[in-house]
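Each chain is listed here by its residues.
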Amino acid sequence: MSYSTADSFRPVTLDDVRGAQKMLSGVARVTAMEGSRHLSQTVGAPVHLKCENLQRTGSFKLRGAYVRIAGLLPEERAAGVVAASAGNHAQGVALASALLGVRATVFMPKGAPLPKVSATRDYGAEVRLHGQVVDETLAAAQEYAAETGAVFIHPFDHPDIIAGQGTVGLEILEQCPEVRTILVGIGGGGLAAGIAVAVKSLRPEVRVVGVQAAGAAAYPPSLAAGRPVSVENPATMADGIKVGRPGDVPFGIVGELVDEVRTVSEDELSAALLLCLERAKLVVEPAGASPVAALMSAPGAFGGPVVAVLSGGNVDPVLMERVLRHGMAAQGRYLAVRLRLTDRPGALATLLGVLSVVDANVLDVSHVRTDPRLGLTEAEVELHLETKGPAHCAEVGQALREAGYTVIG
């Protein structure tokens with residue numbers, strides 16, 4: 001299976017996906033399908049998690065990268081390959097190239113998480129840090145390809161890539177033949193397009209639903225316009241689906257075969273990531289948690305059995321800490337309160353006593369005594385509390401008011 005630049009818009013067929021599946025035998029794992037009792041209860045139907053976060057390199061990207069590179073002509077392989085990525089595609093290209101004995105150069109933004117940079121190097125690729133954003137990195141990789149003759153491996157906009165990603169769809173049908181709805185995150189669209197080709201060819205009644213982060217949702221306006229359009233300055237914690245413009249090749253497939261594209265908020269992504277960690281015991285990156293976020297935000301919208309594709313698990317530990325805190329705050333598990341009290345000995349101890357009675361755990365306390373807005377004998381106190389949910393937050397606020405405190409923020 002090999003496409004030149006001239007026929008890069010060739011339609012992707014079920015035979016292409018089946019050919020990719022044979023090519024990937026012994027290379028990509030057939031990842032687990034795990035049931036989720038919590039999500040099943042929430043949705044009112046069986047929910048299964050397709051764990052591509054447990055794939056080699058930590059995401060589905062190996063599938064498409066290997067198929068694309070394996071399909072190169074001998075002279076193209078000899079010239080080497082080049083890619084641009086902030087993480088998952090970089091690692092997929094690096095490992096695929098190592099397995100196939102092809103020299104790989106990967107351009108990554110200067111701010112790319114160190115674990116992803118290190119992993120890409122460990123898989124054998126030469127890493128070049130260039131630019132602050134992926135668009136700058138992409139331009140550098142394409143310039144390198146033009147100068148050296150290396151083959152540019154696009155992360156989603158090529159039939160080979162889409163066929164490789166489509167093998168996830170074949171596995172879903174084999175592991176959960178009774179599936180009625182498949183939810184999958186969408187960035188450029190390669191994974192959703194590939195799954196849709198495989199699934200709709202064999203089971204056209206199965207609904208395929210794409211999920212985008214609201215701050216980087218290029219597909220809804222593109223589908224409305226009938227052509228790929230760009231979203232200026234896409235912003236989301238889900239860097240795996242932070243793509244400003246749909247790919248030309250996947251866009252046509254998504255428009256024809258994907259039944260619906262939904263969006264989820266940053267709070268919903270955080271809550272979904274937290275749920276995957278706490279309830280499913282799975283480390284999932286924000287992009288990979290986007291289908292779970294869609295389920296949690298509209299549980300009655302999907303006919304079951306439902307399969308949610310956890311597309312990746314490569315999350316930077318620093319981001320993980322921030323996202324978990326964000327998710328806990330969104331679920332009412334953290335509460336920040338600011339109030340004023342009389343600046344006298346014992347005043348803080350009295351306040352903490354009120355919080356102790358309602359079982360609020362104090363994580364941090366800060367005092368302000370010199371603000372000109374404060375009276376001579378006043379102090380402002382800000383507290384960060386660990387709470388048990390929205391009802392407990394309301395109970396804490398009520399206890400403070402009943403004790404005579406005025407909460408100002």
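Details of the structure are given in the entry above.
As the structure is a prediction and not an experimental result, all values here were calculated from the model.

A.B. asks: For this particular structure, what's the right way to read the overall build of the chain?
C.D. replies: Broken down by element type, the chain carries 16 helices and 13 strands. When its C-alpha atoms are laid out on the principal axes, the chain stretches across 80 × 50 × 40 Å. In the chain, which comprises 409 residues, the share counted as buried stands at 55%. A total accessible area of about 17,200 Å² is found for the chain, and carbon and sulfur atoms account for 51% of it. Looking at the chain, you have 36 positive and 42 negative side-chain charges, and the mean spots of the two groups are 3 Å apart.

A.B. asks: I tried to follow the sheet that holds strand β7 (residues 181-185) on my own but got confused; where do I start?
C.D. replies: Paired through their backbone hydrogen bonds, the strands of a sheet run either parallel or antiparallel. Spatial strand order, β1-β2-β10-β7-β8-β9: six strands in an open sheet with mixed pairing. This sheet does not close on itself; its edge strands, each paired only once, are β1 (33-35) and β9 (260-264). The average undirected angle you get between the axes of adjacent strands in this sheet is 25°. In this structure, strand β8 (residues 207-213) lies alongside β9, joined through five bridges in parallel fashion. When the bridges of β9 are listed, Val209 appears paired with Glu260. Across the sheet, helix α9 (residues 190-202) touches β7, β8 and β10 (306-310), and the angle it forms with β7 is around 160°. Sheet strands in contact with helix α12 (residues 266-278) are β8, β9 and β10, and its direction is about 90° off that of β9.

A.B. asks: Help me out: how do you make sense of the pattern of salt bridges in this one?
C.D. replies: In the structure shown here, the tally under the stated rule is 11 salt bridges. One salt bridge connects Arg63 with Glu171, and the closest N-O pair in it is separated by 2.9 Å. Note that Arg63 is positioned in helix α3 (residues 61-70) and Glu171 in helix α8 (residues 159-175), a separation of 108 residues in sequence. On the accessibility criterion, Arg63 (1% relative accessible area) is buried. Classification of Glu171 by relative accessible area gives buried; the value is 5%.

A.B. asks: Please explain the nonpolar core as it appears in this structure.
C.D. replies: Note that soluble globular proteins tend to have their nonpolar side chains buried in a common cluster. Ranked by internal contacts, the top residues of the largest apolar core, which has 65 residues, are Ile69, Val81, Ile172, Val179, Ile182, Ile195 and Val309. Top contributing element to this core by residue count: α9, with eight residues. In terms of nonpolar packing, the next biggest core, distinct from the first, is built from 38 residues, Ala45, Ala213, Leu273 and Val284 among them.

A.B. asks: It is not clear to me how the environment of Lys388 should be interpreted in this structure. Could you clarify?
C.D. replies: Tracing the backbone through its elements, the reader meets Lys388 in the loop between β13 (378-386) and α16 (390-402). Residues Lys388 and Leu335, spaced 53 residues apart in sequence, show a C-alpha to C-alpha distance of 9.7 Å. A polar contact of 2.5 Å, which involves the side chain of Lys388, links it to the side chain of Asp359.

Definitions and cut-offs
Residues numbered from 1 in each chain as written. Predicted model: local features only at pLDDT ≥ 70, side-chain atom pairs only at ≥ 80, totals over all residues. Heavy atoms only, no water. Helix = DSSP H or I, 4+ residues; strand = E, 2+ residues; numbered from the N terminus. Buried < 20%, exposed > 50% of the residue type's maximum accessible area, 1.4 Å probe, protein only. Areas by Shrake-Rupley, 256 points an atom, 1.4 Å probe, with all protein chains shown as cover. Lys, Arg positive; Asp, Glu negative; His and termini not counted. Charge placed at Lys NZ, Arg CZ, Asp CG, Glu CD. Pairing = 2+ DSSP bridges. Axes fitted to C-alpha atoms, helices over the stretch in contact; angles between N-to-C directions. Contact = heavy atoms within 4.5 Å. Salt bridge = Lys/Arg side-chain N within 4 Å of Asp/Glu carboxyl O. Core = buried A, V, L, I, M, F, W, Y, C linked by side-chain atoms within 4.5 Å. Polar contact = N/O pair within 3.5 Å; in protein donor to acceptor, adjacent residues only side chain to side chain.

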